[in-house]
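Coordinates in review
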Amino acid sequence: MIPATKSRIANQANHKKKVSPVISAAKTPRVSFSSTYINDQLTNNGTITVSNAVSLLQPTSLSSISGSGTYHVYRETGQLVNNLHFQYWSSPIRNTTMGSIFTTSNPSDFYFFDEANQNWSSQNATAIMQNGRGYISTGDVNGGTNYTETRQFSGEINNGLIQLPVGPLSNTDIVLVGNPYPSAISCAQFLADNSNLMGTFYFWDHNPQSNQNTSADYASWNLSGGTKAQSGSDIPDGYVQTAQAFMVNSATNGSFNINFNNGQRVAANNEQFFSPGVDSIQRIWLSVSTSNNDYNQLLIALSNRATDGFDPLYDGFKYQANPNLSFYSKLDNKQLSIQGLKQPSGIETKRIPLEMDAGLTGEYTIRVDSAFNFDRNKVVLIDELTQTRHAILSEEYTFHVAQSAVISKRFYLEISIKMESDTGSETNENQYNQGEPLAVNKRVEERFQVYHRAGEIRIDFGDPTKETKEIQVYGLNGQVLYSAINKPGESHTSIPTPGLSSGVYLISVRGTHSSSTQKLFMQ
């Protein structure tokens, strides 16, 4: 089993610099902006260094490179528990070898995925790495424990159209590819340019508390959203960073080219949580954890672009890597880590089978990690074994597994639009007397969305407000934790929340003529 580099999702400032430079042999610039744009031709007769988490971006087909100079592209792995953990890599440099990049790793641990045979195959240390193909390697043989590695790719950078021939393949076969550029690429644009591929990206990610490659799983992303592999790890944000490899599935039979081009290249983007206006998809992340600290997550997304059948761009298969636990929804005979469904209307109710592979005995807990745009919906977890209906948005659900097994036809997620008769009646939904999220007060003049990221809570009203609004953040014990004022004419308010732990919080907005309360689920 093989882990993805932890620098998959960059964390950097939004500085951008657009240039069309000529670098002489006497110059050795370091690209330190988060994004440096080369609109036309880059002539390098010296040395250019591209630091970790930086994009050297050539965004059009007219962007070209020339000269006899050298490029050094650096990528960091993030924290590695030990040097036995595998990482997924690709090369942003032409005509390089794994032996020249992973000079301190064991060459016996160099592999690529042979898609024709659907199995791992050894990569010779002196063999040229194909542009756009993914490779795996363990760490520094002298790396020890809890350390970070920096890899240097040196030579001529990739630019323009890159085509990776693959096959022969059967429908749903796995292909291991990788970003071939010294800049991030957009997953959505990559899919648009490769109709022969299904729509889900799989990133290997390690449990940082484990010393075993088997105690890991795949984070995944498609147009419905993303799931993380481990508690505390990252959810993919729809971008693939420099030198990152990932798995995709073939959507057809035969051989074909996988296409990369400059139109896919973007500056790294970490702003997706603050863009509700362009995203009407509803998302709810569910996870199951065990008393043995195993964890697995799935995503249910509601979108009018999806159907209730299998949609390759909105549904993603579940690949089980952790032998102790796997959690997935079920569609026909397909196990899914991400399932997209058409949004319910009227009195329609979606009933989604949930299954899990429970490899160990003990206590298991199902909870909502996060919910987005679900303030109008009623969400119930059904346990057919105990004949209970549980308001899962309000509180987690714990049960006991006495014998390892595949748990099927027991749990279902039921999603419907909250009706007038539901207001105030949520406490009768299950035997534990737990409530569902508070309904939005009908007297509110302007509805709001609430998000949490990077140490702050943001409340978006859409349009500028017409009155002064007092905003308060409550804990479930009723204590006021933070307060702020949104003045007339302002469309949003941000509240710094340093040290706020994961859990459920109430966000109250009160004006002279209106009031409303929503729940915020923090991972």
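Residues numbered from 1 in each chain as written. Predicted model: local features only at pLDDT ≥ 70, side-chain atom pairs only at ≥ 80, totals over all residues. Heavy atoms only, no water.

Points about the environment of Leu341
Just so we agree on the cut-off: Helix and strand definitions follow DSSP, with helices as H or I runs of at least four residues and strands as E runs of at least two, each counted in order from the N terminus. Exposed residues in this analysis have more than 50% of their type's maximum accessible area, buried residues have under 20%, and partly exposed residues fall in between, with area computed by a 1.4 Å probe over protein chains only. Residue contacts follow a heavy-atom distance rule, with two residues in contact if any of their heavy atoms lie within 4.5 Å.
Within the element layout of this structure, Leu341 appears in strand β29 (residues 334–341). What makes Leu341 buried here is its relative accessible area of 5%. For Leu341, the contacting residues outside a window of four places in its chain are Ile300, Ala301, Leu302, Ser303, Ala306, Thr307, Asp308 and Ile352.

Concerning the sheet that holds strand β37 (residues 456–460)
Note the threshold: Paired strands, in this sense, are two strands between which DSSP finds at least two bridges. Comment: axis = line fitted to C-alpha atoms, over the contacting stretch for helices; angle = value between 0 and 180 degrees taken between N-to-C directions.
Reading across the sheet, the three strands line up as β36-β37-β40 and stay open at both edges, with antiparallel pairing between neighbours. Every interior strand has two partners, whereas the edge strands, β36 (449–453) and β40 (492–496), have only one. Pairs of neighbouring strands in the sheet enclose a mean axial angle of 15°, with direction left out of account. In this structure, β36 lies alongside β37, joined through five bridges in antiparallel fashion. Residue Val450 lies in a different strand from β37, and its bridge partner there is Ile459.

Overview of the packing of aromatic side chains
The following threshold applies: A pair of Phe, Tyr and Trp rings is counted when the ring centres sit within 6.5 Å of each other, with Trp represented by its six-membered ring. The angle between the planes then sorts it: under 30 degrees is stacked, over 60 is edge-to-face, the rest tilted. Whether a charge sits over a ring depends on NZ of Lys or CZ of Arg being within 6 Å of the ring centre and within 35 degrees of the ring normal.
According to the stated counting rule, one finds 20 aromatic pairs in the structure shown. Measuring from ring centre to ring centre gives 4.8 Å for Tyr202 and Tyr319, while their planes differ by 75°; the resulting arrangement is edge-to-face. On the criterion of sequence distance, the pair formed by Tyr202 in strand β18 (residues 201–206) and Tyr319 in the loop between β27 (316–317) and β28 (325–331) is long-range, its members being 117 residues apart. Under the relative-accessibility criterion, Tyr202 is labelled buried at 2%. Among the residues examined, Tyr319 registers a relative accessible area of 23% and is labelled partly exposed. Consider the rings of Phe203 and Phe246, whose centres lie 6.1 Å apart with planes at 45°: the pair is tilted. You can see Phe203 sitting in strand β18 and its partner Phe246 sitting in strand β22 (residues 245–249), a full 43 residues away along the chain. The same class applies to Phe203 as to Phe246, namely buried. Every member of this aromatic cluster is reached through a ring pair, and the members are Phe190, Phe201, Phe203, Trp221, Phe246 and Phe260. Here the basic side chain of Lys334 rests over the ring of Phe310, its NZ or CZ set 5.2 Å away from the ring centre.

A look at the sheet that holds strand β10 (residues 87–89)
The antiparallel open sheet is built from four strands, whose spatial order is β10-β13-β11-β12. Only two strands of the sheet have a single partner each, and these edge strands are β10 and β12 (119–122). In this sheet, adjacent strand axes meet at a mean angle of 40° when their direction is disregarded. Both strand β11 (residues 111–114) and β12 contribute to a ladder of four bridges, which runs antiparallel. Each bridged residue has a counterpart across the sheet, and for Asp114 the counterpart in β12 is Asn119.

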